[in-house]
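Chain residues, written in single-letter form:
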Amino acid sequence: MQYSFNLTLNNEQDTQNLAQILAQHFTTGVVYLIGDLGAGKTTLTRHYLQHLGHQGSVKSPTYTLVEPYQIQGRDIFHFDLYRLNDPYELELMGIRDYLETPNALFLFEWPSKGGDEIPEADLIIDIQKSEDELTRSATLSFHSVALLQALESQLNNA
């Protein structure tokens, strides 16, 4: 990853603002969402999908492993690997079929459980809870200078 950007998420509006920027500047590729239970990975994903144009609820695929979306002609796959016992389970559930989808967006919660079965990330979002659990700190790692410029201009001035 060439660039890194750190920010504090003080409330859900901050999470929505981040999701809006992501929806504008990162629409295809592989995203890793890292953080403890309750850090806000699914909340960020929900806002991200809504800013991409999804109508309706966004449910966590904790039990199904993947929740597919078709949003404005775009394929998006939200994976939650928390309950995965062995990365090979992804092979058995047909992950290759998903990963062969051209120009898709892949969101992976708990990517460390995917081993070599999932591709390397184009964007890593690491969300950590503060000690009092009232705020979150997010670190984004990525290659896109356009995303860096958007984050700096839209979030540093907020």
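Since this is a predicted model, take the numbers as computed values, not measurements. (Residues numbered from 1 in each chain as written. Predicted model: local features only at pLDDT ≥ 70, side-chain atom pairs only at ≥ 80, totals over all residues. Heavy atoms only, no water.)

A. Up close: the environment of V31. Looking at the element boundaries, V31 is found in strand β2 (residues 29–34). A residue is classified by how much of its surface remains accessible, and V31, at 0% relative accessible area, is buried. Taking the C-alpha atoms as reference points, V31 and I125, separated by 94 residues in sequence, lie 7.4 Å from one another. Leaving out residues up to four positions away in the same chain, V31 has contacts with F26, Y48, L105, F106, L107, F108, L123 and I125. (Helix = DSSP H or I, 4+ residues; strand = E, 2+ residues; numbered from the N terminus. Buried < 20%, exposed > 50% of the residue type's maximum accessible area, 1.4 Å probe, protein only. Contact = heavy atoms within 4.5 Å.)

B. Just helix α5 (residues 145–155), in detail. For α5, the complete set of buried residues consists of L147, L148, A150, L151 and L155. The arc that holds every buried residue of α5, seen down its axis, measures 165°, which confines them to one face. Lining the buried residues of α5 we find β1 (3–9), α1 (12–25), β6 (123–129) and β7 (136–142). Capping the start of α5 is the job of one residue whose side-chain oxygen sits 3.3 Å from the backbone nitrogen of A146: S144. (Arc of directions from axis to C-beta. Polar contact = N/O pair within 3.5 Å; in protein donor to acceptor, adjacent residues only side chain to side chain.)

C. Local environment of the sheet that holds strand β4 (residues 74–80). If you walk across this open sheet you meet the 7 strands as β1-β7-β6-β2-β5-β4-β3, and the pairing is mixed. Pairing within the sheet leaves two strands with one partner each, and these edge strands are β1 and β3 (66–71). Strand after strand, the sheet turns through a mean of 15° between neighbouring axes, direction not considered. Across 7 bridges, β1 lies against β7 in antiparallel orientation. Within β7, the residue paired with N6 across the bridge is T139. In the packing of helix α2 (residues 41–52) onto the sheet, the strands contacted are β2, β3, β4, β5 (105–109) and β6, and the crossing angle to β5 comes to about 165°. Contacts from α5 reach β1, β6 and β7, with the element oriented near 30° to β1. (Pairing = 2+ DSSP bridges. Axes fitted to C-alpha atoms, helices over the stretch in contact; angles between N-to-C directions.)

D. Representation of unusual backbone geometry. With a phi angle near 55°, N103 is a residue other than glycine that sits in the positive phi range. On the accessibility criterion, N103 (64% relative accessible area) is exposed. Phi at W110 takes a positive value of approximately 60°, unusual for a residue other than glycine. Relative to the helices and strands, W110 is located in the loop between β5 and β6. Classification of W110 by relative accessible area gives buried; the value is 18%.

E. Expanded view of the pairing of β5. In terms of residue burial, β5 counts as a mostly covered element, since 5 of its 5 residues are buried. Alternating positions in β5 separate into two faces, L105, L107 and E109 on one and F106 and F108 on the other, with burial throughout. Note: β2 against β5, 5 bridges, orientation parallel. Residue L33 lies in a different strand from β5, and its bridge partner there is E109. As paired elements, β4 and β5 share 5 bridges and run parallel to each other. What sits directly across from I76, in β5, is L105.

Keep in mind these numbers describe shape, not what the thing actually does.
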